[in-house]
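# A structural walkthrough
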2 protein chains.
Amino acid sequence: MNAWPKGMKRTKSRVAIYKVLEAASQPLSPKEIHARINQGDFWLSTVYRVLGQFEQEKMILRIAGMDVNHTLFELNRHEHKHFAVCVGCHQRFELDDCPIHEDVHVQAEGFEITEHRVEVFGYCAECLERMRSSKVKHDA
Amino acid sequence: MNAWPKGMKRTKSRVAIYKVLEAASQPLSPKEIHARINQGDFWLSTVYRVLGQFEQEKMILRIAGMDVNHTLFELNRHEHKHFAVCVGCHQRFELDDCPIHEDVHVQAEGFEITEHRVEVFGYCAECLERMRSSKVKHDA
DNA sequence: TCCCACTTGCGAAACATTCGCATCTGGATA
DNA sequence: TATCCAGATGCGAATGTTTCGCAAGTGGGA
């Protein structure tokens, strides 16, 4: 828990939420975060507020899953990474490297790029296998 | 209005919604679509239902804007295109070509890619100009 | 230790989206 | 063309997520 913005108080809820995000291997929804810290007793609205502040301070990243209208958050580990999301099981797998090269060209004179988002969707090996075997059963 | 899936009735609401999407130059939210067709009287829940069906039939595409948790829809013109979105004015500008090449490599044996999403964010020339001039005023 | 600006508890409110069911209607068929 | 019915819509309630308001509580600087 380095990189704590000066001026931000280390309150119980903030520290608890930060720890949950730090320990998570996959991005979490506000509800999941709330569930994971809630041996204590924090309010869901507080979780939202804290996540909002963390996001402003760029401590965390807000991402959209395949199904829009479920927001997820993850710690900003300050790495430039993109992911492949399995449509079957929602697991996320890192891409070896950023597929966007420097030569992106926008059809608008003077557009200044600050950021980009890349997401790849598909099926992981297990889900492919599961689909194949259930298909065999149905066909038989 | 070609490409109408056979088996899908041409009801008033469906036709109206389709026309709105066909005429739109930018993706629209369900509410905007509802507003644009509503010289007649369609129900917002109907708009959602119809959009869901259109999406299933792959007649339209559902996309996430810069602020996640605001869903937008646009007609599927069956072109492979990506966009740069201006963070200032939310206008969308087409990219010259898809920056994703064939060599995407996922760190998961056997992952099968079916789809990808690329979005670039930044500022268009007008917004940059606007920011510059207002900054000058403040600095003065 | 005191103090106060910033946080949180708590619940209500504001949204977006989905669901249920009675009624209606497009379009296949006679 | 008239009839019929599976599927579509009107309508509003329900659900789920996210934000807001305000009184009470608390971290951390003086």
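Residues numbered from 1 in each chain as written. Chains lettered and ligands numbered in written order. Predicted model: local features only at pLDDT ≥ 70, side-chain atom pairs only at ≥ 80, totals over all residues. Heavy atoms only, no water.

We now examine the relation of the copies chain A and chain B. Taken together, a rotation about one axis and a shift along it account for how the two chain copies relate. Note on the identical chains: chain A maps onto chain B by a rotation of 180 degrees and an axial translation of 0.1 Å, with an RMSD of 0.2 Å. Taken together, the rotation and translation describe the operation of a two-fold axis. By C-alpha distance to the rotation axis, the residue of chain A lying nearest is Val118 of chain A, at 2.2 Å. Residue by residue, 98% of the interface of chain A is reproduced at the interface of chain B, so both copies engage with the same surface. (Least-squares fit on C-alpha atoms with pLDDT ≥ 70 in both. Contact = heavy atoms within 4.5 Å.)

Moving on to the nonpolar core. Within the largest apolar cluster, 26 residues are counted, with the highest numbers of intra-cluster contacts made by Phe93, Val106 and Phe111 of chain A together with Phe93, Val106 and Phe111 of chain B. Elements represented by at least two residues in this core include exactly strand E3 (83-86) and strand E5 (112-123) of chain A together with strand E3 (83-86) and strand E5 (112-123) of chain B. If near-sequence neighbours (up to four positions away) are discounted, Phe111 of chain B is found in contact with Ala84, Val85, Cys86, Phe93, Phe121, Gly122, Tyr123 and Cys124 of chain A together with Val106 of chain B. (Core = buried A, V, L, I, M, F, W, Y, C linked by side-chain atoms within 4.5 Å. Buried < 20%, exposed > 50% of the residue type's maximum accessible area, 1.4 Å probe, protein only. Helix = DSSP H or I, 4+ residues; strand = E, 2+ residues; numbered from the N terminus.)

A few words now on the protein's contact with DNA strand C. For DNA strand C, the set of nearby residues contains 23 residues, the closest of which are Thr11, Ser13, Arg14 and Thr46 of chain A together with Tyr48 of chain B. Each atom of DNA strand C within 4 Å of the protein was classed as base or backbone; sugar and phosphate made up 62%. The contact in question runs from a phosphate oxygen of DNA strand C to an N or O atom on the side chain of Thr46 of chain A, over 2.7 Å. Arg49 of chain A places a polar side-chain atom, nitrogen or oxygen, 3.1 Å from a base oxygen of DNA strand C. Sorting the residues of the surface near DNA strand C by element identifies helix H1 (12-23) and helix H3 (44-56) of chain A together with helix H2 (30-37) and helix H3 (44-56) of chain B as the ones contributing at least two each. Classifying every residue of the surface near DNA strand C by side-chain character gives six nonpolar, eight polar and nine charged. (Near = heavy atom within 4 Å. Polar contact = N/O pair within 3.5 Å; in protein donor to acceptor, adjacent residues only side chain to side chain. Nonpolar A, V, L, I, M, F, W, Y, C, P; charged D, E, K, R; others polar.)

Residues and elements named next belong to chain A. Domains assigned within chain A are domain 1 (1-78) and domain 2 (79-140). The partner domain 2 presents eight residues to the seven residues of domain 1 that form the contact. Across the domain 1/domain 2 interface, buried area totals approximately 720 Å², and carbon plus sulfur atoms make up 53% of it. Seen at the junction of domain 1 and domain 2, the total is zero salt bridges. Across the side of domain 1 that touches domain 2, the residue classes tally to four nonpolar, two polar and one charged. (Domains from an automatic or database assignment. Buried area = accessible area lost by both parts, 1.4 Å probe. Salt bridge = Lys/Arg side-chain N within 4 Å of Asp/Glu carboxyl O.)

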